[in-house]
Amino acid sequence: MVTIKDISKQCGVSPATVSKALNGYGDISSETAEMIRRTAQEMHYMPNAAARQLKTNMSHNIGVLFVDDTMSGLTHEYFSAILNSAKEEAERLGYDITFISRNVGGNNTSFVEHCRYRKCDGVLIASVDFQSEPVRELVESEFPTVTIDFSYNNQSSVLSDNVEGAYRLTEYLIEKGHRKIAFIHGEKTSVTEKRLVGFFRACEDNGIDVPEEYVLEGRYHDPKACEVLTEKLMQMETPPTVIMYPDDYSYLGGLRQLEKMNLSVPEDISVAGYDGINLSQVLRPRLTTYFQDAEMIGKRSMQKLVESIESKKTCIVEQIMVSGKLLEGHSVKQL
């Protein structure tokens, strides 16, 4: 491993001068500092993480809490895009990431204890039961946290604008002439509550009375649940002319059921998804959906978390809203 002494010998300067150059001190000439940094890069120098932690009292390690009840893990295209973007931003800012769990080496522990064990500087909470006691314990601990799509009073969050997204998508369906609009939504979460508000507001603003049986609870990222509920909707005495699904991936279950019933999209029934994942744009017919900017959500959440770690005295708690956009496909028929 290359050391500061190796660099000093190569550059013909003292180890103290090398240390100053690498740490950005201004009491050496810019030419010398640039020469030292260039030499360090050419020699593939990496600072000693343990020594840096002793000096700065920081590990430059960020915990990521991601618990997915559907067990899809990092194959969940929406959350994987968020986490990949957050990872890239963390690396750009000089941080590593560690996934936090309650199982360390086969031993049960708390999220807080795992963060302490890994000496995390802060935690990004991307997907979890936000109301659970272990998560609340973490949020109320000494660790700075930033949550995605959920807000606590005393912590910053980055949110997709789910009210606006559901409103805009519903409004588009209405503009296409649909008034019998069914909505299969996800399980009861803050995201679901906001999307329901956007859906009902758009219907109310356009004078549409939605029958209770048109609004059904499914599960996010669960095609099987949507397959069952699609059949239920299409067997009604007065079926809807369009079905909104909780997300693009879940729509696959609905599509499977429609094919079993020999129904074509959009000739017999129109459909719309949510998230705007790549899959939605390769399906045929191309799915009309609402794109959530997962990459921007990941990037902004990591930037805010690092700010809360490095600027504790000046960083303010805030809710950062990230807008999306409607992706008009060919799955909605003009009535």
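Up top you'll find the structure we're talking about.
Since the structure is predicted, the reported quantities are computational estimates derived from the model, not experimental observations.

## Structural notes on the sheet that holds strand S13 (residues 319–322)
Then, in step 1: Read across the sheet, 6 strands follow the order S2-S1-S5-S6-S7-S13 without closing on themselves; strand pairing throughout is parallel. Among the strands making up the open sheet, the edge pair consists of strand S2 (96–99) and S13. Neighbour to neighbour, the strand axes of the sheet diverge by 20° on average, direction disregarded.
Then, in step 2: Pairing of strand S7 (residues 156–160) with S13 involves 4 bridges; the strand directions are parallel. Of the residues in S13, the one forming a bridge with Ser-157 is Gln-319.

## Details of helix H13 (residues 294–310)
Then, in step 1: The terminal C-alpha atoms of H13, which comprises 17 residues, lie 24 Å apart, in line with the 24 Å expected from a rise of 1.5 Å per residue.
Then, in step 2: All of the buried residues in H13 are Ala-294, Ile-297, Gly-298, Ser-301, Met-302, Lys-304, Leu-305, Val-306, Ser-308 and Ile-309.

## Some words on the pairing of strand S6 (residues 145–148)
Then, in step 1: Here S6 shows a buried face lined by Thr-145 and Thr-147 and a second buried face lined by Val-146 and Ile-148.
Then, in step 2: Where strand S5 (residues 122–127) and S6 come together, 3 bridges link them in parallel fashion. When the bridges of S6 are listed, Leu-124 appears paired with Val-146.
Then, in step 3: As for the winding sense of the linkage, the β-α-β connection from S5 through helix H7 (residues 133–139) to S6 is right-handed.
Then, in step 4: As paired elements, S6 and S7 share 3 bridges and run parallel to each other. Counterpart to Thr-147 in the pairing with S7 is Ser-157.

## Comments concerning the packing of aromatic side chains
Then, in step 1: Within the structure shown, the criterion is met by 9 aromatic pairs.
Then, in step 2: An angle of 65° between the planes, with centres 5.1 Å apart, marks the rings of Phe-199 and Phe-200 as edge-to-face.
Then, in step 3: Given a relative accessible area of 0%, Phe-199 falls into the buried group.
Then, in step 4: We classify Phe-200 as partly exposed; its relative accessible area is 37%.
Then, in step 5: Feature note: the residues Phe-66, Tyr-78 and Phe-79 constitute an aromatic cluster, connected by ring pairs.
Then, in step 6: Note that Arg-195 overlies the ring of Tyr-274, its terminal NZ or CZ placed 3.7 Å from the centroid.
Then, in step 7: Of note, Lys-325 hangs over the ring of Phe-291, and the distance from its end group to the ring centre comes to 5.7 Å.

## Observations regarding the sheet that holds strand S10 (residues 242–244)
Then, in step 1: The sheet built from 4 strands is open, its strands ordered S9-S8-S10-S11 with parallel pairing. On the outer flanks of this sheet lie strand S9 (215–217) and strand S11 (270–272), each paired with one strand and no other. In this sheet, adjacent strand axes meet at a mean angle of 15° when their direction is disregarded.
Then, in step 2: Its contacts with the sheet put helix H9 (residues 190–205) on strand S8 (181–185), S9 and S10, and the angle it makes with S8 is roughly 175°.
Then, in step 3: Contacting S8, S9 and S10, helix H10 (residues 223–234) crosses the sheet at an angle of about 160° to S8.

Calculation criteria
- Residues numbered from 1 in each chain as written.
- Predicted model: local features only at pLDDT ≥ 70, side-chain atom pairs only at ≥ 80, totals over all residues.
- Heavy atoms only, no water.
- Pairing = 2+ DSSP bridges.
- Helix = DSSP H or I, 4+ residues; strand = E, 2+ residues; numbered from the N terminus.
- Axes fitted to C-alpha atoms, helices over the stretch in contact; angles between N-to-C directions.
- Expected span 1.5 Å × (residues − 1).
- Buried < 20%, exposed > 50% of the residue type's maximum accessible area, 1.4 Å probe, protein only.
- Right-handed = clockwise from strand over helix to strand, strands pointing away.
- Phe/Tyr/Trp six-rings, centres within 6.5 Å; stacked < 30°, edge-to-face > 60°.
- Lys NZ or Arg CZ within 6 Å of the ring centre and 35° of its normal.
- Contact = heavy atoms within 4.5 Å.

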